[in-house]
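# Commentary on secondary and tertiary structure
Below are the chains, spelled out letter by letter.
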2 protein chains.
Amino acid sequence: MNVALNDINQTEITRLRVACSNCNLRELCLPVDLTPDEMARLEELSNQKRSYETGDYLYRSGDRFKSLHAIRSGSFKTRVLHEDGREQVTGFLMAGEIIGLEAISTDVHTCEALAMEDSEVCELPYARLAELSREIPSLQRHLYKIMSREIVRDQGIMLLLGSMRAEERLAAFLLNMSQRNAIHGMSATQLRLRMSRLEIGSYLGLKLETVSRAFSHFQEEGLIQVKARAVEILALPKLRAMVGK
Amino acid sequence: MNVALNDINQTEITRLRVACSNCNLRELCLPVDLTPDEMARLEELSNQKRSYETGDYLYRSGDRFKSLHAIRSGSFKTRVLHEDGREQVTGFLMAGEIIGLEAISTDVHTCEALAMEDSEVCELPYARLAELSREIPSLQRHLYKIMSREIVRDQGIMLLLGSMRAEERLAAFLLNMSQRNAIHGMSATQLRLRMSRLEIGSYLGLKLETVSRAFSHFQEEGLIQVKARAVEILALPKLRAMVGK
DNA sequence: GGGCTATTTTGACATATATCAAGTCAAACG
DNA sequence: CGTTTGACTTGATATATGTCAAAATAGCCC
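Here is a short report on the structure shown in this document.

Scoring rules and cut-offs
- For every chain, the first residue of the written sequence is number 1, and numbering continues from 1 onward in sequence order.
- Here chains are named by letter from A upward and ligands by number from 1 upward, in the order in which they appear as written.
- For this predicted model, a pLDDT threshold of at least 70 governs which residues receive local features, and a threshold of 80 or more governs which side-chain atom pairs are given and counted, while totals over whole chains, interfaces and linings are taken from all residues.
- For side-chain calculations, the full set of non-hydrogen atoms in the structure is used, while hydrogens and water are omitted.
- A run of DSSP states H or I qualifies as a helix once it reaches four residues; a run of E qualifies as a strand once it reaches two. Both are numbered from the N-terminal end.
- Relative accessibility thresholds used throughout: buried, under 20% of the residue-type maximum; exposed, over 50%; partly exposed, between the two (1.4 Å probe, protein chains only).
- A positive count includes Lys and Arg, and a negative count includes Asp and Glu. His and the chain ends are not counted in either.
- When a carboxyl oxygen of Asp or Glu is within 4 Å of a side-chain nitrogen of Lys or Arg, the pair counts as a salt bridge.
- Nitrogen and oxygen atoms within 3.5 Å of one another constitute a polar contact, given that in protein one can donate a hydrogen and the other can accept it, and given that sequence-neighbouring residues count only through two side-chain atoms.
- Proximity is defined per residue: any heavy atom of the residue falling within 4 Å of a molecule or strand makes that residue near it.
- Any residue that is not Ala, Val, Leu, Ile, Met, Phe, Trp, Tyr, Cys, Pro, Asp, Glu, Lys or Arg is counted as polar, Gly included; the first ten are nonpolar and the last four charged.
- In this scheme, strands are said to pair when DSSP sees at least two bridges between them.
- Two residues form a contact once any of their heavy atoms are found within 4.5 Å.
- Only the stretch in contact is used when fitting a helix axis, every axis being a line fitted to C-alpha atoms; angles between N-to-C directions are given from 0 to 180 degrees.

Residues and elements named next belong to chain B. If you trace the backbone, R169 turns up in helix α5 (residues 166-183). E168 is the oppositely charged side chain nearest to the buried, salt-bridge-free R169, at an N-O distance of 7.0 Å. Among the polar contacts listed, one links the side chain of R169 to the backbone oxygen of L204, at a separation of 2.6 Å.

Turning to the protein's contact with DNA strand D, a few remarks are in order. Close to DNA strand D lie 17 residues; A:S212, A:S216, B:A166, B:K207 and B:T210 are nearest. Each atom of DNA strand D within 4 Å of the protein was assigned to sugar, phosphate or base; sugar and phosphate come to 63%. Residue A:R213 places a side-chain N or O atom 2.9 Å away from a base nitrogen belonging to DNA strand D. One nitrogen or oxygen atom from the side chain of B:K207 is found 3.3 Å from a phosphate oxygen belonging to DNA strand D. Counting only elements with at least two residues in the surface near DNA strand D, the list comes to α7 (208-220) of chain A together with α7 (208-220) of chain B. Counting residues per element, the surface near DNA strand D draws most heavily on α7(A), which supplies 5 residues. Taken together, the residues of the surface near DNA strand D sort by class into 4 nonpolar, 5 polar and 8 charged.

What follows covers the sheet that holds strand β3 (residues 67-73) of chain B. All names here are of chain B. Spatially, 4 strands are ordered β1-β8-β3-β6 in an open sheet, and the strand pairing comes out antiparallel. The open sheet terminates on both sides in strands that have one partner only, identified here as β1 (50-52) and β6 (98-99). As defined by bridge partners, β3 adjoins β6 across 2 bridges and the pair is classed as antiparallel. Bridge pairing in β6 places H69 opposite I99. The sheet contacts of helix α3 (residues 126-135) involve β3 and β8 (119-125), and relative to β8 the element is tilted by about 45 degrees.

The local shell around DNA strand C holds 17 residues, among which A:A166, A:K207, A:T210, B:S212 and B:S216 are the closest. In DNA strand C, atoms within 4 Å of the protein come from the sugar-phosphate backbone in 69% of cases. Here a base oxygen of DNA strand C and a side-chain polar atom of A:R213 are 2.9 Å apart. Within the side chain of B:S212, an N or O atom sits 2.7 Å from a phosphate oxygen of DNA strand C. Looking at the surface near DNA strand C residue by residue, the class counts come to 4 nonpolar, 5 polar and 8 charged.

Quick look at the structure:
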């Protein structure tokens, strides 16, 4: 749930994402009125830093939940493993985004998160965040909002996944990647995908061949330029039109 | 998002639902330790009551969000209307359940809720609930949990919808209805569905004919006995097996 | 109860996606 | 530099679901 298809529905998308580079909670604070003192206390929470290499686990299913993590560099995917060993990708998390929210309720992670490339994260101990939010009502209210907005976002996904066809899903995915790139100051049209066709398919509920065909078809139509994982978006408006906006 | 497919994944399902008949927040309080005094204050919130006839709106898209509602009797559906007039059902809410959570973040309802039959609800003014939660830390924490558990639940839906086929979706739906029936002290096998095949299809992302065929097929297989909207579940374990558990 | 209407079921066919199987391409490695 | 390996693309076919149409059924009003 860390990643949302319906982001491309052009509602605000900044939300939980940390737009500034030093991995504090500025984005999270932005819409709430905090005093400089409160702000400082909030930023203190995110001072630690840790490195992960490609394939390393940030957390595994069953791990006790202690903290959220803000991704400073690199990217992660979250997944669940089914009994039969199949992998189901549930989200992609990029630099500047916060990961781990899904475990707040259970205190235990229900999926695993692993680095898709060498990455760095800052820890946000949840206990201290909650504690702080009890002292700062506007922060508390904001956390509520963040969480329930996640709900709305996912509801959006549900609606979309139920009714979207393969190419619409892929269009939504590309627009989502584009927007998240743009938020963090990178190109909105030049994408370097970190994930394989198989992973994209798993995330979108499609087979890798279907994903590949959709890429090819988009290229034929002049919507994008594909070169393996380097994708250039040529016709952003047309892609938007495909997903209904 | 008020309704979840993955409830049938046999995790706990009591959650937000109010199991006792007088529509207080007992279910909501249950897992938290409240003093009798705190409990009393909480129950005060749900004293009001209002009636709705079939087709009445509990709220509409765009309405200002003021309160949650606990359904004392009857049932509601939530939906969004697309530009072209198509209706998309996003949830079914039954007696004993709480509706409206999706609007907390935006302060405005993003979908509309209307009665599927004559119904009664109690209002839970959100401001007072939030205020109270500030004074009662364990309640605050519980609200966090409820909300983020909604997240997990919806994530479950996302996973399911992406990979489940028509009959699996219907099986999940039936099991969900069964469980919710059971929670509120009704039969787990004798279901009186309040919604049409069209609404079920809209909710599950299927066409009504597909829903109907799935019902028929289940009956042929001896899994259920169908008589219009009266459905008897004959082979609960087999249905469970269909959805992976 | 009889007729009316909406709902549900069923059938025939169309389309989208999955499946199976080659074949291509590119990075990694000796 | 050739080989290997994994990822990606493309093609042929199968299967699931959607679409269109008609018949059957149930609920409702008089």
